[in-house]
Amino acid sequence: GENVEQHPSTLSVQEGDSAVIKCTYSDSASNYFPWYKQELGKRPQLIIDIRSNVGEKKDQRIAVTLNKTAKHFSLHITETQPEDSAVYFCAASWGNDMRFGAGTRLTVKP
Amino acid sequence: GAVVSQHPSWVICKSGTSVKIECRSLDFQATTMFWYRQFPKQSLMLMATSNEGSKATYEQGVEKDKFLINHASLTLSTLTVTSAHPEDSSFYICSASPVSGAGRNSPLHFGNGTRLTVT
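Predicted, not measured: the structure shown is a model, and the values here were computed from it. (Residues numbered from 1 in each chain as written. Chains lettered and ligands numbered in written order. Predicted model: local features only at pLDDT ≥ 70, side-chain atom pairs only at ≥ 80, totals over all residues. Heavy atoms only, no water.)

Engineer: Help me understand the overall build of chain B, please; the structure alone is not making it clear to me.
Structural biologist: Looking only at helices and strands, one finds 0 helices and 11 strands in chain B. Helices and strands appear in chain B in the N-to-C order β-β-β-β-β-β-β-β-β-β-β. Against the globule reference of 14 Å for 119 residues, chain B gives a C-alpha radius of gyration of 13 Å, in line with a compact fold. Oriented by its inertia axes, the alpha-carbon framework of chain B measures out at about 40 × 25 × 25 Å. Expressed as a percentage of contacts within chain B between residues at least 6 apart in sequence, the contacts between residues at least 24 apart total 55%. Across chain B, the mean location of the 10 positive side-chain charges is 4 Å away from that of the 8 negative side-chain charges. (Helix = DSSP H or I, 4+ residues; strand = E, 2+ residues; numbered from the N terminus. Rg over C-alpha atoms; globule rule 2.2 N^0.38 Å. Contact = heavy atoms within 4.5 Å. Lys, Arg positive; Asp, Glu negative; His and termini not counted. Charge placed at Lys NZ, Arg CZ, Asp CG, Glu CD.)

Below is the structure:
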């Protein structure tokens, strides 16, 4: 089955700086890679996703890159703001199998 | 759109009792819903896949007789924790996708979660 590893587990940045979270996956058949943001005590919310036929996708301050050969994908947040502070989960999916990374707790210091 | 409602948001029960958690898709039909368990500061662990009109598919290590799942309609799935024990205390979250037939290969919308405390 799929195995997803996520790094780092915690990340602290200064407001305005960029944040990068990286994930690797094991199943080369995985073809859908969503990222979820979970604020304390709340439900995970999809923030961006990418499919295997695309190498990069951007939505305002958030971007995701995918390297299928290396089987890793990354989340990039630019110009971070305090409200970006949350736990971020990556996931990899193929057909009926979706696995989540362990999560990254991002703290943006004002 | 694509709202998933979960109820209750929190529940406290005594050891040995059963607790039912509901997950509803409010504005779409979901043939498949997913149930997760989340421990503090940890990731979402898939427990089972709930299939409308058929038996749920449980992940390895999840006791199907303890975590009963019923998906009686296209908008409602329930998770019943039977004979609850303190170690069952956790945050339970459901999710569903409005994309028909896409399985897990599509964006998921999550419920607000249920914090279960077993005393």
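Engineer: What am I meant to see in the sheet that holds strand 7 (residues 62–67) of chain A here?
Structural biologist: Strand-to-strand pairing in sheets goes through backbone hydrogen bonds, with the strands running parallel or antiparallel. All names here are of chain A. Spatial strand order, 1-3-8-7-6: 5 strands in an open sheet with antiparallel pairing. Both edges of this open sheet fall to strand 1 (4–7) and strand 6 (56–59), since each of them pairs with a single strand only. When strand polarity is set aside, the average angle formed by the axes of neighbouring strands in this sheet is 15°. With 4 bridges connecting them, strand 1 and strand 3 (residues 19–25) associate as antiparallel partners. Residue pairing across strands places His7 opposite Lys22, the latter belonging to strand 3. (Pairing = 2+ DSSP bridges. Axes fitted to C-alpha atoms, helices over the stretch in contact; angles between N-to-C directions.)

Engineer: I tried to follow the state of the cysteines on my own but got confused; where do I start?
Structural biologist: Simply put, the disulfide is a covalent bond whose two ends are the sulfur atoms of two cysteines. Per the counting criterion, the structure on display carries 2 disulfides over all chains. Here Cys13 of chain B stays free of any disulfide, with the sulfur of Cys94 of chain B as its closest cysteine sulfur at 18 Å. (Disulfide = S-S within 2.5 Å.)

Engineer: What is the right way to look at the pairing of strand 2 (residues 10–14) of chain A in this model?
Structural biologist: Residue and element names in this part refer to chain A. Judged by which residues are buried, strand 2 turns out to be one-sided: Leu11 and Val13 face inward and are buried, whereas Thr10, Ser12 and Gln14, on the alternate face, are not. Here strand 2 pairs with strand 11 (residues 104–109) via 5 bridges, running parallel. For Val13, the partnering residue across the bridge sits in strand 11 and is Val108. (Buried < 20%, exposed > 50% of the residue type's maximum accessible area, 1.4 Å probe, protein only.)

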